[in-house]
Amino acid sequence: MSKADLLEAWHNHLALGRRRSPHTVRAYGAAAERLLSSTGFTSFDDVADVTAMQLRNHLASRRADGLSNASAARELSALKGFVSFARAQAGRERAEAPRLRGPRIKKGLPRPVTPDDAVGLADTVGELAATEWIGARDRAVLLLLYGAGMRIAEALSLKGGDLPLGERLTVTGKGGKQRVVPLLPVIRGAVATYADKCPWRLTSDGPLFRGAKGGALSQGMVQKATAQARKALGLPDTATPHALRHSFATHLLGAGADLRSLQELLGHASLGSTQIYTKVDAASLLETYRNAHPREQD
């Protein structure tokens, strides 16, 4: 069996068996090709017998070429998948790849969406919903995330007793820490519209946001509705409910909000967590500069 045969089988498995995107197929295929070239493997049995040490040495050589932690982690994930596939093809009892810990990756922030896209997401989830009241519900939830900087768990923890919403709302966040968030008229109006259309009785101690059958609304349903909306709008996969809260912070910082105020609005325990947004906003400013500068238009 040639290297080309191995790679073709791996590509077909990813594209047809796992229905991975063309980008993933190319990236995972390239990782497998690099492993085969460096080791000289020419059969599934060869790949199935690869050891943790061989994988570690291969990754070390890649890191010597300047591979970042994030890229190395993706490469390792691709290679583990390739080895598991090879072991299954070779008829091994256990298909798991050798255990090998990847490099630590510094956790980043979701890429913020523009104000227009944030509002567009909220409006589109309302338009795409199966019923009018569910559309009003999903729109209200997303506006709480973007307009008030609430975490999705915080929004879904609101009770019927919180109605009617005023100009300020006390929210309980991580670690039981409470904070006060201001609510714009558009947010209060969206929640009031949902409450008026909701077919379920909103009791004072019951959840404010209800699912289709009357139970508490789950985060998964909000994420699913948002995914449908961003697809309709042609937005990237990074346009998630979680990203709306980060967009709230980034846009406020860009408008001149100070870090201490932003820390209070977001409910961060330390200022260090809030300072991350200065890097996000700086990157956004740099991108705007590059797009606007005359020399970049040549």
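Scroll up for the structure.
Residues numbered from 1 in each chain as written. Predicted model: local features only at pLDDT ≥ 70, side-chain atom pairs only at ≥ 80, totals over all residues. Heavy atoms only, no water.

S.K.: I keep staring at the overall build of the protein chain and nothing clicks. Help me out?
M.R.: Check the secondary structure of the protein chain and you find 13 helices and 2 strands. Per-residue burial for the protein chain yields a buried fraction of 38% across its 298 residues. For the protein chain, restricting intrachain contacts to residue pairs at least 6 apart in sequence, the fraction spanning at least 24 positions comes to 60%. Carbon and sulfur atoms make up 51% of the accessible area of the protein chain, which totals about 16700 Å². (Helix = DSSP H or I, 4+ residues; strand = E, 2+ residues; numbered from the N terminus. Buried < 20%, exposed > 50% of the residue type's maximum accessible area, 1.4 Å probe, protein only. Contact = heavy atoms within 4.5 Å. Areas by Shrake-Rupley, 256 points an atom, 1.4 Å probe, with all protein chains shown as cover.)

S.K.: I would appreciate a short explanation of the pattern of salt bridges in the present structure.
M.R.: Side-chain pairs of opposite charge can arise where the charged atoms are in close proximity. The tally for this structure, following the rule as stated, stands at 10 salt bridges. In this structure, arginine 92 engages aspartate 45 in a salt bridge whose closest nitrogen and oxygen atoms are separated by 3.2 Å. On the criterion of sequence distance, the pair formed by arginine 92 in the loop between helix H5 (69-89) and helix H6 (115-128) and aspartate 45 in helix H3 (residues 44-48) is long-range, its members being 47 residues apart. A relative accessible area of 31% means that arginine 92 is categorised as partly exposed. (Salt bridge = Lys/Arg side-chain N within 4 Å of Asp/Glu carboxyl O.)

S.K.: What exactly am I supposed to notice about the pairing of strand S1 (residues 168-172) here?
M.R.: Put simply, side chains in a regular strand alternate between the two faces of the sheet. Residues Leu169 and Val171 of S1 are buried on one face, while the alternating residues Arg168, Thr170 and Thr172, pointing to the opposite face, are not. With 5 bridges joining them, S1 and strand S2 (residues 178-182) adopt antiparallel strand pairing. Its bridge partner being in S2, arginine 168 is matched across the sheet by proline 182. Two successive antiparallel strands, S1 and S2, enclose a turn made up of 5 residues, where glycine 175 displays a positive phi of approximately 70 degrees. (Pairing = 2+ DSSP bridges.)

S.K.: How should I be thinking about helix H2 (residues 22-39) in this particular structure?
M.R.: Residues three or four positions apart in an α-helix share a direction because the helix packs 3.6 residues into each turn. Taking 1.5 Å per residue as the helical rise, H2 with its 18 residues ought to reach 26 Å, and the 26 Å between its terminal C-alpha atoms agrees with that figure. Those residues of H2 that fall on the buried side of the exposure criterion are Thr24, Val25, Tyr28, Gly29, Ala31, Ala32, Leu35 and Leu36. End-on view of H2: buried residues confined to an arc of 160 degrees, all on one side of the axis. Those residues of H2 that are exposed and angled more than 90 degrees off the buried face are Pro22, His23 and Arg26. Positive phi appears at glycine 40, one or two residues downstream of H2, with a value of about 80 degrees. (Expected span 1.5 Å × (residues − 1). Arc of directions from axis to C-beta.)

S.K.: For this particular structure, what's the right way to read the packing of aromatic side chains?
M.R.: Aromatic ring pairs are described here by two measures, namely the spacing of the ring centres and the angle between the planes. For the structure shown, the criterion picks out 5 aromatic pairs. Look at tryptophan 10 and phenylalanine 85: their rings are 5.5 Å apart centre to centre, the planes differ by 40 degrees, and that puts the pair in the tilted class. You can see tryptophan 10 sitting in helix H1 (residues 3-17) and its partner phenylalanine 85 sitting in helix H5, a full 75 residues away along the chain. For the pair formed by tryptophan 10 and phenylalanine 85, the shared burial category is buried. Grouping aromatic residues by their ring pairs yields a cluster made of Trp10, Phe44, Phe82 and Phe85. Here arginine 137 stacks its cationic end above the ring of tryptophan 133, 5.6 Å away from the centre of that ring. (Phe/Tyr/Trp six-rings, centres within 6.5 Å; stacked < 30°, edge-to-face > 60°. Lys NZ or Arg CZ within 6 Å of the ring centre and 35° of its normal.)

S.K.: Please clarify how helix H4 (residues 52-64) should be interpreted in this entry.
M.R.: Taking 1.5 Å as the rise per residue, H4 with 13 residues should run 18 Å; its terminal C-alpha atoms sit 18 Å apart, in good agreement. Among the residues of H4, those classed as buried are Leu55, His58, Leu59 and Arg62. The arc that holds the buried residues of H4, viewed along the axis, is 95 degrees, so those residues lie on one side. Glycine 66 sits one or two positions beyond H4 and adopts a positive phi of about 100 degrees.

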